[in-house]
Amino acid sequence: MKNTLSIAWKETRTYFVSPMAYIIMAVYAGLAAYYFVTSISGVLPEATIRGYIFPSTFIFTLLAPIITMRLLAEEQKMGTLELLMTSPVRDYEIVLGKFLAAMASLLSLLVPTVYLVILLTLFATPDMGPILSAYLGLVFFGMAALSVGLFASSLSGNQIVAAVLAMGILLILSIVDLTSSYAGGIFTELVLQISITTHLESFVRGVIDTHDLIYYVIFTTFMLFLTVRSLESRRWR
Amino acid sequence: MQDTTSIPMIEVNNLTKYYGEYPAIENLSFTVNKGEILGFLGPNAAGKTTTMRVLTGFMPPTSGSAKIAGFDVVDQSLEVRRRIGYLPETVPLYTEMSVTDYLDFMGQIRGMDKQWRRRRIDEVIGICRLGEYRSSLIGKLSKGFRQRVGIAQAILHEPEVLILDEPTIGIDPIQVVETRNLIKGLGGEHTIILSTHILPEVSMVCKRVIIIHEGQVVAVDKPENLSGRLRGSEHIEVDIRGPAAQVMTALRDIPGVQEVTRTDSGDVGSYDIETASGADLGEHISTLVHQRGWGLLRLQPIQMSLEEIFLSLTVTESDSA
């Protein structure tokens, strides 16, 4: 646990020292604000944050891999992975530490958007329930996206390869539900269940469904498990 | 002169590692006692790095076993990793961190508590003479200083065993001397394996040398014995201004000279003189040239390169077989 926290703390510091942190933060804040303004500029505006929560899933499929691409790929390229793996640290502690750091980076993206919620409360009386649950859902979605990114980063010593691979996997996983109308029988349900975006819908409606929570938790755990395995396999090559 | 108690710290038994079909090391066996500095000598791709990676628990062997401080590198990997300090060939550094931050992180993941870390960071910065650069970013340091940071992290947690993969490669000559002295000073309390492909380095630093070639042990001995064994002949290169034919015969007539070959013609000729071992004919040659009234432009004793040593070793070995 101590090792995990040491690694997480080191990665978090490295992330926030780099300009990347602030570029990503600015990009996300700008896009969220844009979607927020367009959603409340209609004829009958609703006092919700739905306007930027749904587009956020797409933005996250692009930004999460950028946050995670460095984490393991660079260690492999710089040879520091050899140092980590010959230190008395277990492989899962390395992965978990990196993942926690990635979560901290992701949470930092959401901080500026609190401003939009404050705006909403100043000019209207929004229902806080769905707002909080939507944020919770987005955090879980982000968790899943980061786990895919971390796995991709473990596969390659090249950050670009890692990022593009993760984006590809995430895009497929988020649009797979569109095929539900073509798929028949059990497959309709299957593609809807696999999709990482469909599980966000109830959160945005204000419903915290354990079935969706469990989906994200299992998905993330599985991806992190694969990452640990991928790291272990480096020892056997 | 075996002053330290001969407790085996590193035991390697029939270690074999295959990369696919290709054997990187085959049936490697050796023992290193506590406090000993063992030189690991071999040309590139001889299996030095592979052996070290197996010893540090970075990769498991295909067969055979290795123990460090009595712990198996595969089954008790974590215990082994607690007891080793490792400097890989490409010095693994986080270039965006400062020297102290990096050392502090390395200390943390090796389970050192805060006080111990603080004390040791000051100590290793002193030992490796990094004082001026303690808060510099590692990425901004020159190659030699990065190497020192690498050594600093390896000795930070006072490990029982130090494994250094080519610690003096790519740094300037003054730093090479400093690094060697540093390593020498670490022997005694630490058990050290040091890989290199520079022969003089081994004789300066190590008490015992293992030469490996194509994954197999070719020779194990003390450096002085080894050089004795290896010195079947020595070479001297000279540039002499004078009539070529006469120079050749005159050189051949010097007692102890086994072979003279002319490598460059022209007014000034370059000659490669092969002499018996320990003959030390430099003075002899210069007097001769002087007496004849020729011009001696260069006289250079040639140290045997590692490739030649391997050649001579493998040849003698197959001859005796």
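Residues numbered from 1 in each chain as written. Chains lettered and ligands numbered in written order. Predicted model: local features only at pLDDT ≥ 70, side-chain atom pairs only at ≥ 80, totals over all residues. Heavy atoms only, no water.

**Description of the confidence of the model for chain A**
Detail in the predicted coordinates should be disregarded across regions flagged by low pLDDT.
Here comes step 1: Here chain A shows a mean pLDDT of 90. Residues at 70 or above account for 99%.
Here comes step 2: Considering each helix and strand of chain A separately, the mean pLDDT is smallest for helix H9 (residues 186-194) of chain A, with a value of 81, and largest for helix H5 (residues 91-110) of chain A, with 95. (pLDDT = per-residue confidence, 0-100. Helix = DSSP H or I, 4+ residues; strand = E, 2+ residues; numbered from the N terminus.)

**What to know about the interface of chain B and chain A**
Here comes step 1: Chain B puts 29 residues into the contact, and the matching count from chain A is 24 residues.
Here comes step 2: Contact between chain B and chain A buries roughly 2,500 Å² in total, counting both sides, with carbon and sulfur atoms accounting for 60%.
Here comes step 3: Considering only the side of chain B, the residues that lose the most area to chain A are Phe58, Arg81 and Ile109 of chain B, jointly responsible for 27% of the buried surface there.
Here comes step 4: On the surface where chain B and chain A come into contact, there are 2 salt bridges.
Here comes step 5: One salt bridge in this structure joins Asp101 of chain B and Arg13 of chain A, with 2.7 Å as the shortest N-O distance.
Here comes step 6: At the junction of chain B and chain A, the tally comes to 8 residue pairs in polar contact (both at pLDDT 80 or more).
Here comes step 7: Of all the secondary-structure elements, those providing two or more residues to the side of chain B that touches chain A are strand E1 (8-19), helix H2 (77-83), strand E6 (84-87) and helix H3 (99-109) of chain B.
Here comes step 8: Broken down by class, the residue content of the side of chain B that touches chain A amounts to 17 nonpolar, 5 polar and 7 charged. (Contact = heavy atoms within 4.5 Å. Buried area = accessible area lost by both parts, 1.4 Å probe. Salt bridge = Lys/Arg side-chain N within 4 Å of Asp/Glu carboxyl O. Polar contact = N/O pair within 3.5 Å; in protein donor to acceptor, adjacent residues only side chain to side chain. Nonpolar A, V, L, I, M, F, W, Y, C, P; charged D, E, K, R; others polar.)

**Brief notes about the nonpolar core**
Here comes step 1: Of all hydrophobic cores here, the largest spans 107 residues; its most connected members are Tyr28, Ile49, Tyr52 and Tyr216 of chain A together with Tyr102 of chain B.
Here comes step 2: Ranked by the residues each element gives to this core, the list is headed by helix H7 (residues 128-155) of chain A, at 15 residues.
Here comes step 3: Excluding residues within four positions of it along the chain, Tyr28 of chain A makes contact with Tyr52, Ser56, Ile59, Phe60, Leu63, Leu109, Leu110, Thr113 and Leu138 of chain A.
Here comes step 4: Core analysis: the next-biggest nonpolar cluster, separate from the first, contains 26 residues, Phe40, Leu55, Val161 and Ile193 of chain B among them. (Core = buried A, V, L, I, M, F, W, Y, C linked by side-chain atoms within 4.5 Å. Buried < 20%, exposed > 50% of the residue type's maximum accessible area, 1.4 Å probe, protein only.)

**Regarding the sheet that holds strand E2 (residues 22-33) of chain B**
Residue and element names in this part refer to chain B.
Here comes step 1: Pairing in this open sheet of 4 strands is antiparallel, and the strands run E2-E1-E4-E5 from one edge to the other. Edge positions in the sheet fall to E2 and strand E5 (71-72), since each of these pairs with one other strand and no more.
Here comes step 2: As judged from the 8 bridges shared by E1 and E2, these two strands associate in the antiparallel manner. The residue bridging Ile10 from the neighbouring strand is Val32, located in E2. (Pairing = 2+ DSSP bridges.)

**Considerations on helix H6 (residues 173-186) of chain B**
All names here are of chain B.
Here comes step 1: In this model H6 runs 20 Å from its N-terminal to its C-terminal C-alpha over 14 residues, within 8% of the 20 Å that 1.5 Å per residue would give.
Here comes step 2: Buried within H6 are the following residues: Gln175, Val176, Thr179, Arg180, Leu182, Ile183 and Leu186. An end-on view of H6 places all buried positions within 160° of arc, on one side of the element. For H6, the exposed residues set more than 90 degrees away from the buried face come down to Pro173, Ile174 and Gly185.
Here comes step 3: Taken together, the buried residues of H6 touch strand E3 (37-41), helix H4 (114-127), helix H5 (143-155), strand E7 (161-165), strand E8 (191-196) and helix H7 (199-205).
Here comes step 4: Just beyond H6, the residue with positive phi is Gly188, at close to 100°. (Expected span 1.5 Å × (residues − 1). Arc of directions from axis to C-beta.)

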